[in-house]
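As a plain string of letters, each chain reads:
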Amino acid sequence: MKGLTSNATLGALFDHLAACQNNTVALRDPEGNSVTYGQFQRRIRKLCAAVAARGVSKGSRVAVLAKNSVEYAEVFGLVQLGLVIVPLNWRLDRDTLHDLLADCAPEVLIVDREHHDVIQGFAAKLNSLKLALCFDGPETGFGSYEAVLNEDNGPAMLPDVEIDDPASIIYTSGTTGQPKGAVISHRSAMANMRISQANLLQLGDGDRVLAAMPFFHVGGLWYHFFASFGAGRETTVLPEFDPLAVLEALKRDRITVVHLVPTMVSALLGHDTFRPEDLRDLRRVFYAGSPMPTALLRRAMAALGSCEFLQSYGSTEAGIISALTPEHHQMALQEDEGQLLRSCGVPVAGCEVRIAGDEGAKGQGEIGEIEVRGDGVFRGYWERPDATEDVCLSGWVRTGDLGYLDNEGFLFLVDRKNDMIVSGGENVFPTEVEDHLLRLDGVAEAAVFGTPHPRWIEQVTAIVVPAQGRSLQVDDLKEKLRQELAHYKCPKEIFIADALPKNGVGKVVRARLREIYGKPEEGMQ
């Protein structure tokens, strides 16, 4: 993002790229259709004009429920109107999506055809809504996205947008599993894009990037896709991760940099069409979501030859925190046990990290809560000042993760303070799954926790205690949960027990359950 001041907004970035790289290909879809930076800017200005003509003004929310596409990326151009983009997780169940829409009260709602039916009935009840569009053409209650872009509205009057104005709301979850909207300012988005460009992607002339991670995650959106876009690099956009589609795109578009989670790396290596010789242009795999098991990393590095691997640790609220560089990976593989691979790397420039305890900062090697501060942190939770106060302390953001810094400055995670499970890169909160289990007939008690899995890194595991005189069937429980929860939240294993281990005050001891039922694997096969 050369040529931009440190106080530039996302809108200024779009203008700058259109002026400097007007005829350079910015984005490409799986069918090979491309759009230049100049064309991208002209399309988002048309979109701004159409939305402004409906009376939508600065500060209003624009919700999007769709899989990745070039058109989806265009919607973020509405930040030039001062609008706040809210990408929704299409993997969530219908009721949760309705709750999120009610919470952010969007004036604009955009969907793709695949998710129209999930939201159509509820959209009609949104009093805030002024414009509903479908990327794939008109659907019941939704107009055509392309038709709106082709209207003759004349240029929109763009308001003044400041760097600390909100640019996006990304829904995450608190320790109770209830959705909270993390407000990402222009400052935060731009800071994380710069950090990613400098510390993670390190893009240069000739790099071509593949975006297969969902736009509803900060990792796929601000830390990778827009970091590449902002660097002026050509990016191929896939709707979602599919091993065959990814392998085809890597070969066809001669991709040099890709962002994945470890489970995706495993899926690619195990696919029937995987041929290392097809991926000779790939020079860097940026992975996040969880550490890479040593066995999988060794297998991937052997298969991909000179390709570099880099891990990053961060969160929606805290931004990019640390990076385990390619050099660190090489160092780790020279160790007998690969201890360094269990690290999150070293804090990145622009992010200050401290380990905090109840009585102040912890010393080297001492375990405490990881706290961060810097330009990349979020502004707070949407309409939730109480929740914001819980995590924001005098400029520091509490991550909820326990960890320590060693004497060389490497950051290590020890446990998640809130018992969150990370399965295949997706966050699962035990209390949410437990709540659904306890609603089922015949279930007296339930506990949910994560156990090691050779593919998903962690899997959701549940223990249930039957009500007195009742008998439970595992397959029946699983089937009922599938009807209520997103698939990645459903327990892969359910055990029936007579009682749950509890501490002196009656709380379930999940650590004990992990000891009993967890069976660590040596690594992915």
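Located above this text is the structure these notes cover.
Residues numbered from 1 in each chain as written. Predicted model: local features only at pLDDT ≥ 70, side-chain atom pairs only at ≥ 80, totals over all residues. Heavy atoms only, no water.

> Would you mind going over the pairing of strand 28 (residues 493-496) with me for this structure?
Looking down a regular strand, the side chains alternate between one sheet face and the other. The pairing of strand 27 (residues 457-466) with strand 28 spans four bridges and is parallel. Counted as the bridge partner of I463 is F495 from strand 28. In the classification by handedness, the crossover that spans strand 27, the intervening helix 15 (residues 474-482) and the parallel strand 28 is right-handed. (Pairing = 2+ DSSP bridges. Helix = DSSP H or I, 4+ residues; strand = E, 2+ residues; numbered from the N terminus. Right-handed = clockwise from strand over helix to strand, strands pointing away.)

> Explain a negative patch on the surface here, please?
Taken together, the side chains of D95, D99, D103, E383 and E484 make up a negatively charged region of the molecular surface. Summarising the element assignment, D103 is placed in helix 4 (residues 94-104). (Patch = residues over 30% accessible without salt bridge, like charges linked within 9 Å, V, L, I, M, F, W, Y side chains within 5 Å. Areas by Shrake-Rupley, 256 points an atom, 1.4 Å probe, with all protein chains shown as cover. Salt bridge = Lys/Arg side-chain N within 4 Å of Asp/Glu carboxyl O. Lys, Arg positive; Asp, Glu negative; His and termini not counted. Charge placed at Lys NZ, Arg CZ, Asp CG, Glu CD.)

> What is the right way to look at the pattern of salt bridges in this model?
Two side chains with opposite charge may pair up if their charged atoms get near one another. A complete count under the given rule lists 27 salt bridges for this structure. The residue K489 makes a salt bridge to E432 at a minimum N-O spacing of 3.0 Å. Here K489, found in the loop between helix 15 and strand 28, pairs with E432, found in helix 14 (residues 430-438); they are 57 residues apart in sequence, far enough to count as distant. Side by side, K489 and E432 carry an identical accessibility label, which is buried. (Buried < 20%, exposed > 50% of the residue type's maximum accessible area, 1.4 Å probe, protein only.)

> For this particular structure, what's the right way to read unusual backbone geometry?
Excluding glycine, residues mostly have negative phi values, and the peptide bonds linking residues are mostly trans. The backbone of A105 shows a phi angle near 45 degrees, a positive value even though the residue is not glycine. Notably, E383 is not glycine yet its phi reads approximately 55 degrees, a positive angle. Here E383 falls in the exposed class, since its relative accessible area comes to 58%.

> Just to check I follow, could you spell out the environment of V118 for this structure?
With respect to the helices and strands, the residue V118 is situated in helix 5 (residues 113-123). A relative accessible area of 22% places V118 in the partly exposed class. Sequence separation between V118 and H98 is 20 residues, and the spatial gap between their C-alpha atoms is 9.1 Å. Once you skip the residues sitting within four places of it in the chain, V118 turns out to touch R94, L97 and H98. (Contact = heavy atoms within 4.5 Å.)

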